[in-house]
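Structural overview
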Amino acid sequence: MRSHNCGLLRSADIDETVTLCGWVDRRRDHGGVIFLDLRDRDGIVQVVFDPDTEEHFATADRVRSEYVLKVTGRVRARSEATVNPSMATGEIEVLGKEIEVLNTAATPPFQLDEHTSVGEEVRLRYRYMDLRRPEMQQRLRLRSQVTDAVRRFLHEEEFLDIETPILTRATPEGARDYLVPSRTHPGQFFALPQSPQLFKQLLMVSGFDRYYQIAKCFRDEDLRADRQPEFTQIDIETSFMDEAGIMEITERMVRGLFQSVLGVDLPSFPHMTWKEAMERFGSDKPDLRIPLELVSVDDLMQQVDFKVFRGPADDPQGRVAALKVPGGASISRKEIDDYTRYVGNYGARGLAWIKVNDLAAGVEGLQSPILKFMPDDVVAAMMERLEAANGDIIFFGADRAGIVNEALGALRIKVGTDQGLVSEGWAPLWVVDFPMFEEDGNGGWTPLHHPFTAPACDLATLSQHPGEALSRAYDMVLNGTELGGGSVRIHNLETQEAVFDILGIDPAEAREKFGFLLDALKYGAPPHGGLAFGLDRIVMLMSGAASIRDVIAFPKTQTAACVMTEAPGTVGAAQLRELHIRLREQEKKEGES
């Protein structure tokens, strides 16, 4: 139907007769000459119709926004005064000779160039219109380029693209499963996979050695800007390769990805232990573009009588940390109150602070309501440790270590962003040496990653000191976002059973949930490991989008619903009977009729 794409015409095409197809982006009537901006996935070109072609001019006069047209005309140079340097096709235009309306269009629910003033729900309800915007077209094209580059790299590295089941059984992987009732097995359910974790391990036992899959995964969890109930992973697993080898090959893949798609050479990937990341940044995915760090002052606060600080300082599970913001003394009291409410979202019960007005004047040159609770020598030692300077503000967190880390870690990012301290560019790193387990709040243990991660210690140490055991896990982080995480897996039955025992999974439960894996480990499972990248997050970062919803063609809302198709929805009684399901009538809340 067409000879060229709208957005690809250039000066080299001048005097050629072309046939174009696309949508009317804009229509303008300038003194009897009609200008149509015709748009396709490659961009926009200006088409001009004058009254010389009476029949086609009349048709051009009737078209409106988003009509679908087929246009034939001659490419010509624009006059010097009308060249548009902001358009890729701005040096040329098409003098229209023929026009055919392939389809009319109702008035759009919103103007595509005014989408920013339209609520997200409206954009998602008419997603097929929202996706016509050049910005969205570019993002999804970039997504396609990313998956293409990943496939080419892994193919060259001799990885095999192997699909794994979507209908499987429920396994504990940290979030709620989406369940699918079985018609042929009444009362039983499939689960949609949270990841292909166990199947890719079984593929290693099967001898495939190097596997990958761009896989759909499903998790029924509370949503955030970087979470969706269904998302896409770049899933990688390999045998006979340790963590250093896996990190090397996946880092090379990501470097190549940024170079081939964006033309960006990523800087070096430093390695940082989980412990160091938490102590310095309060996060296991630190944004190294922000030059702010947490500094522990527990030892100093053990010398004060101020219970707010002294209690956590004396508690082995507590922490007192300071966050210095250079030049932050100009932060107003209202802003400090806003920051206090902000850290409250992370469990902090307050936000103490000290402004440094004149360091040479000692305590007299400092401003804070907490100074009266601290001896002068403690304050002086703290200023020295923090390398404080005039014009700084220092924020404090004092509570259980987890709360302090999370609250001050989040405050570090917010203050750094508010104060314009985030540097340009890319700051990648590897976070390594994660704890094997964390406390579950009920006196037991839960895996920090998943129960198939290999420990870095021997079985005796693992069993006797589970809280001190480190895992062979690793995460790749970029600009404060976890791009992907992985580990070396457990490949022998004895270690897997020991981990289940620490987690409180008895042999009967282990057999019920993971019997197929335990059986496989008996038959010569090779050493293996892998890593899974969040494709949506990678594309979000590379495109500069604010949310992964902007890089997924048809995403769900924050409530895990699709407003376009009105899913989830009800099903008929006959279909429920086939599935052996009967719905209970929900109890009405008080006040409802």
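Residues numbered from 1 in each chain as written. Predicted model: local features only at pLDDT ≥ 70, side-chain atom pairs only at ≥ 80, totals over all residues. Heavy atoms only, no water.

1. A word on the overall build of the protein chain
Secondary structure assignment for the protein chain yields 17 helices and 22 strands. Across its three principal directions, the C-alpha atoms of the protein chain cover 90 × 75 × 65 Å. Looking at the protein chain as a whole, 47% of its 593 residues qualify as buried. Considering only residue pairs separated by 6 or more positions, the protein chain has 67% of its internal contacts joining residues 24 or more positions apart. Counting 66 positive and 93 negative side-chain charges, the protein chain places the averaged centre of each group 5 Å from the other. (Helix = DSSP H or I, 4+ residues; strand = E, 2+ residues; numbered from the N terminus. Buried < 20%, exposed > 50% of the residue type's maximum accessible area, 1.4 Å probe, protein only. Contact = heavy atoms within 4.5 Å. Lys, Arg positive; Asp, Glu negative; His and termini not counted. Charge placed at Lys NZ, Arg CZ, Asp CG, Glu CD.)

2. Here's the deal with the pattern of salt bridges
Under the counting rule described, the total for this entry stands at 44 salt bridges. Here Asp42 makes a salt bridge to Arg141, at a shortest N to O gap of 2.7 Å. One end of the pair, Asp42, is in the loop between β2 (33-40) and β3 (43-49); the other, Arg141, is in helix α4 (residues 134-156), and 99 residues separate them in sequence. Between Asp314 and Arg310 there is a salt bridge, and its shortest N-O distance comes to 2.8 Å. In this pair, Asp314 and Arg310 are both assigned in helix α9 (residues 307-314), four residues apart and thus about one turn of the helix distant. One continuous salt-bridge network, built from bridges that share partners, spans Arg123, Arg127, Asp130, Arg133, Glu135, Arg139 and Asp550. (Salt bridge = Lys/Arg side-chain N within 4 Å of Asp/Glu carboxyl O.)

3. A few points about the packing of aromatic side chains
Counting across every chain of the model gives eleven aromatic pairs. Residues Phe309 and Phe396 carry aromatic rings whose centres are separated by 5.7 Å and whose planes lie at 40 degrees to one another, so their mutual orientation is tilted. Here Phe396 lies in strand β16 (residues 393-400) and Phe309 lies in helix α9, a separation of 87 residues in the sequence. Grouping residues by exposure puts Phe309 and Phe396 together as buried. Put simply, the rings of Phe306, Phe309, Phe373 and Phe396 pair up and form one aromatic cluster. (Phe/Tyr/Trp six-rings, centres within 6.5 Å; stacked < 30°, edge-to-face > 60°.)

4. A few points about the environment of Phe500
Along the chain, Phe500 turns up in helix α14 (residues 493-502). Spatially, the C-alpha atoms of Phe500 and Thr481 are 30 Å apart, while their sequence positions differ by 19 residues. If we ignore the near neighbours within four places in the chain, the residues touching Phe500 are Pro451, Phe452, Ile505, Ala510, Phe514 and Leu518.

5. Details of the sheet that holds strand β10 (residues 230-239)
Spatially, the eight strands line up as an open sheet ordered β6-β9-β10-β22-β21-β20-β17-β11, and their pairing is mixed. Each having just a single partner strand, β6 (160-161) and β11 (271-273) make up the two edges of the open sheet. In this structure, strand β17 (residues 428-432) lies alongside strand β20 (residues 473-478), joined through five bridges in antiparallel fashion. Its bridge partner being in β20, Val432 is matched across the sheet by Tyr474. Sheet strands touched by helix α6 (residues 243-262): β9 (210-218), β10, β11, β17, β20, β21 (481-488) and β22 (528-534). Its angle to β20, the strand with the most contacts, is close to 20 degrees. (Pairing = 2+ DSSP bridges. Axes fitted to C-alpha atoms, helices over the stretch in contact; angles between N-to-C directions.)

6. Concerning the nonpolar core
Residues Val146 and Phe533 are the most contacted members of the largest nonpolar core, which totals 41 residues. Only α4, β9, β10, α6, β17, β20, β22 and α16 (535-543) provide two or more residues apiece to this core. In terms of residues, this core owes the most to one element, α6, which gives eight residues. With sequence-adjacent residues up to four places away left out, Phe533 is seen in contact with Thr232, Gln233, Ile234, Ile236, Thr250, Met253, Val254, Met476, Leu483, Gly484 and Ile538. (Core = buried A, V, L, I, M, F, W, Y, C linked by side-chain atoms within 4.5 Å.)

7. A look at the side chain of Arg489
If you trace the backbone, Arg489 turns up in the loop between β21 and α14. With residues near it in sequence (within four places) discarded, Arg489 still touches Gln197, Lys200, Gln201, Glu237, His450, Phe452, Ala454, His528, Gly529, Gly530 and Leu531.

8. Let's talk about the packing of α4 against α6
For the pair α4 and α6, the least separation of the axes is 10 Å and the interaxial angle reads 135 degrees. Taken together, the axis directions place α4 and α6 in an arrangement best described as oblique. α6 is crossed by α4, and the crossing has right-handed handedness. On α6, the residues touching Leu142, Gln145, Val146, Ala149, Val150, Phe153 and Leu154 of α4 are Ile249, Arg252, Met253, Leu257, Ser260, Val261 and Leu262. Looking at the contact of α4 with α6 residue by residue, the classes come out as eleven nonpolar, two polar and one charged. (Parallel < 35°, antiparallel > 145°, perpendicular 65-115°, else oblique. Left-handed = near helix turned anticlockwise from the far one by under 90°. Nonpolar A, V, L, I, M, F, W, Y, C, P; charged D, E, K, R; others polar.)

9. Considerations on α6
End to end, α6 covers 28 Å across 20 residues, agreeing with the expected 28 Å (1.5 Å per residue, within 8%). Buried within α6 are the following residues: Ile246, Met247, Ile249, Thr250, Glu251, Met253, Val254, Leu257, Phe258 and Val261. Remark: Gly263 follows α6 within two positions and exhibits a positive phi of approximately 70 degrees. (Expected span 1.5 Å × (residues − 1).)

10. As for the pairing of β21
In terms of burial, β21 is a largely internal element, seven of the eight residues being buried. Pairing of β20 with β21 involves six bridges; the strand directions are antiparallel. For Tyr474, the partnering residue across the bridge sits in β21 and is Gly486. Linking β20 back to β21 in an antiparallel pair, the connection comprises two residues, with Asn479 at a positive phi of about 55 degrees. Here five bridges tie β21 to β22, and the two strands are oriented antiparallel to one another. When the sheet's bridge partners are listed, Val488 is paired in β22 with Gly529.

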